[in-house]
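Fold and geometry: a report
What follows is each chain in one-letter form.
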Amino acid sequence: IDCDKMAMKNDSTVTEFILAGLTDQPELQLPLFILFLVYHTVTVVGNLSLMSLIFLNSDLQTPMYFFLFNLSFIDLCYSFVFTPKTLMSFVSEKNTISYRGCMTQLFFFCFFAHSECYVLTAMAYDRYVAICQPLLYMVIMSPRTCSLMMFGSYFMGLAGATVHTVFMVRLNFCDSNIINHYLCDIFPLLQLSCSSTYASELVSSVVVSTVVIASSVVILMSYVLIFLNITQLSSGKGLYKAMSTCSSHIITVALFYGFGMLSHIKTSSDESVVQEKILSVFYTFLLPLLNPFIYSLRNQDVKVTCVSQMIMENDSSVSEFFLMGLTEEPHLQLPLFVLFLVNYTATVKRNLSLMNFIFLDSNLHTPCIILSSVSFLLISIISFVFTPKNANKFSFREEHYLLQMMHDSAVFLLLVCELRELCVDSHGLRSLFGHLSVTVVQGYYVTGDMFYADI
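Residues numbered from 1 in each chain as written. Predicted model: local features only at pLDDT ≥ 70, side-chain atom pairs only at ≥ 80, totals over all residues. Heavy atoms only, no water.

Because an α-helix completes one turn every 3.6 residues, residues spaced three or four positions apart along the sequence face the same direction. The end-to-end C-alpha distance of helix α8 (residues 198-230), which contains 33 residues, comes to 47 Å, matching closely the 48 Å that a straight helix rising 1.5 Å per residue would cover. Buried within α8 are the following residues: S200, S204, V207, V211, S215, I219, S222, Y223, I226 and I230. (Helix = DSSP H or I, 4+ residues; strand = E, 2+ residues; numbered from the N terminus. Expected span 1.5 Å × (residues − 1). Buried < 20%, exposed > 50% of the residue type's maximum accessible area, 1.4 Å probe, protein only.)

Next up on the list: the pairing of strand β1 (residues 16-19). Of the strand pairs in this sheet, β1 and strand β2 (residues 96-98) are connected by three bridges, and their pairing is antiparallel. Bridged to F17 within β2 is I97. Of the pairings in the sheet, the one linking β1 to strand β3 (residues 178-179) comprises two bridges and is parallel in character. Within the sheet, the bridge partner assigned to L19 lies in β3 and is I179. (Pairing = 2+ DSSP bridges.)

Here we come to the packing of helix α3 (residues 63-91) against helix α4 (residues 99-132). Relative placement of two packed helices is described by the angle separating their axes and the distance separating the axes. Where α3 meets α4, the axes come as close as 9 Å, and the angle between the chain directions of the two elements is 160°. What the angle tells us is that α3 and α4 run roughly antiparallel. Here α3 and α4 pass one another in a crossing that is left-handed. Looking at the contact of α3 with α4, its residues break down into 18 nonpolar, two polar and five charged. (Axes fitted to C-alpha atoms, helices over the stretch in contact; angles between N-to-C directions. Parallel < 35°, antiparallel > 145°, perpendicular 65-115°, else oblique. Left-handed = near helix turned anticlockwise from the far one by under 90°. Nonpolar A, V, L, I, M, F, W, Y, C, P; charged D, E, K, R; others polar.)

Turning our attention to the UniProt feature "transmembrane region" (unreviewed entry) in the protein chain. The UniProt record marks residues 32-56, 63-83, 103-125, 146-167, 202-226, 238-258, 278-297 and 364-387 with the feature "transmembrane region" (unreviewed entry), using the residue numbering of this structure. Along residues 63-83 the backbone is 100% helical and 0% strand, and the end-to-end C-alpha distance reaches 30 Å. Note that residues 146-167 is 100% helix and 0% strand, and that its end C-alpha atoms are spaced 32 Å apart. (UniProt positions renumbered as here; feature names shortened; annotations may be inferred.)

Our next topic: the packing of aromatic side chains. Applying the stated rule across the entire model yields 21 aromatic pairs. A connected cluster of aromatic rings, assembled from ring pairs, spans F36, Y39, Y78, F82, F90, F109, Y182 and F285. (Phe/Tyr/Trp six-rings, centres within 6.5 Å; stacked < 30°, edge-to-face > 60°.)

This next bit is on the nonpolar core. If you look at the biggest cluster of nonpolar residues, it comprises 78 residues, and the most contacted ones within it are F17, C102, M168, F173, I179 and L189. The element that contributes the greatest number of residues to this core is α4, accounting for 20 residues. Residues in contact with M168, not counting those within four places in the same chain, are Y99, M103, L106, F173, I186, L189 and L190. (Core = buried A, V, L, I, M, F, W, Y, C linked by side-chain atoms within 4.5 Å. Contact = heavy atoms within 4.5 Å.)

Here the structure, examined in full by the defined rule, presents one disulfide. Of the cysteine sulfurs around C132, a residue in no disulfide, the closest is that of C246, at 8.7 Å. (Disulfide = S-S within 2.5 Å.)

Here we come to α3. For α3, which comprises 29 residues, the first-to-last C-alpha distance of 43 Å matches the rise-based estimate of 42 Å (1.5 Å per residue) to within 8%. At F82, α3 shows its maximal kink, close to 35°; a proline, P84, follows between one and four residues later. Among the 29 residues of α3, 21 are classified as buried, and the element is accordingly described as predominantly covered. (Bend = angle between axes of the 7 residues up to and from the residue.)

Take a nonpolar patch on the surface next. A contiguous nonpolar surface patch, about 420 Å² in accessible area, is contributed by L30, I34, V38, V42 and F293. Residue contributions to the nonpolar patch peak at four residues, all from helix α2 (residues 26-56). For V42, the position within the fold is in helix α2. The class for V42 is partly exposed, based on a relative accessible area of 30%. (Patch = residues over 30% accessible without salt bridge, like charges linked within 9 Å, V, L, I, M, F, W, Y side chains within 5 Å. Areas by Shrake-Rupley, 256 points an atom, 1.4 Å probe, with all protein chains shown as cover. Salt bridge = Lys/Arg side-chain N within 4 Å of Asp/Glu carboxyl O.)

What follows covers the confidence of the model for the protein chain. Predicted confidence across the protein chain gives a mean pLDDT of 75, with 68% of residues reaching 70 or more. Of all helices and strands in the protein chain, the one with the weakest mean pLDDT is strand β4 (residues 437-441) (34), whereas helix α6 (residues 143-169) scores best (94). (pLDDT = per-residue confidence, 0-100.)

In structure tokens, the structure reads:
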């Protein structure tokens, strides 16, 4: 598209637009910013991970995963079209976008949306060939055929986006420049035009209808033939495999077309505008986020490949370790076993008893005591970690364990003192224990409440 020539032909006085965003309520701006930032981050990480997994693993170099790779690529690019400006609307007082920037956003929005429709159509045909003609699958879905199908998908998406953008650029915008949406979509822009929008609306309706009807017919025909084929299968295992292969694609198609069509139903009431924004969020933000999870969690090949990839990354030949314990002296084994068993039993019993006592007595529901009870819960959990093996997963020494026993007992006495209100002003005792930390004392790593306030 020659933007300079179009700009000369366009007599619009509007040089920039203001995106109204999702909401104008100030108290919702920050939560929505954080929410959509998390959505975008997960979308980028999820799609990049799935693309990397397919690209690097030779077991996934099949037509099905070739189309899935392109679907993830489209979703990744799709999210970058409108997410930055949407996030800006939550943190800026006036989220503006230039006229050319708005037309560019509209072009890429239509390009990736149309391309995804055709990619989903190609994936449906791929499933039909895989289930109904399995012996000829690799012949029909050859690399050349798959490449041509993807080229056709992108080319048709490019053609549709070009038509939408050209007819939008021909319109004049001379009055209001506030777009009641969070992106430059077709219908919100048509509502702002001060010239006749009949031709643009007609062309947009024809293009969208052609894309939806053509892709829907191919998808429906593919699954009708698949259904007729699997009903003839006598094996329950074959029926289950066929359905599990198609389920992810069916879910994606239903969500994409369902929310896409609902959000583009033209209405004029204020409530319907809000409803349109909410529905648009589903197919612009949630679908690119959900697609990697739909195809990975419901696809056995992807899950197996992920597990095998993680196993391959670990080249260790060692399958188990030996713990040396606290001492190698045979005559100390039994006394230490009894000592640790008694301490372990007493630790668990006293911590649980005191936690139960605090929980049942409403007079003890103060912030200080509740936080102390939480520390006792953590101490109990820590004791469960290393006591059964008589050592931590790192090498414990006798001094470490004795210091841990002293620490547990000291914290127990501290909380008893707090319960009896005897240590309210005891600054020395409080500074003795301090807060939870990890401190190095004479070269030993000791976990607990050490005397960091006085050291």
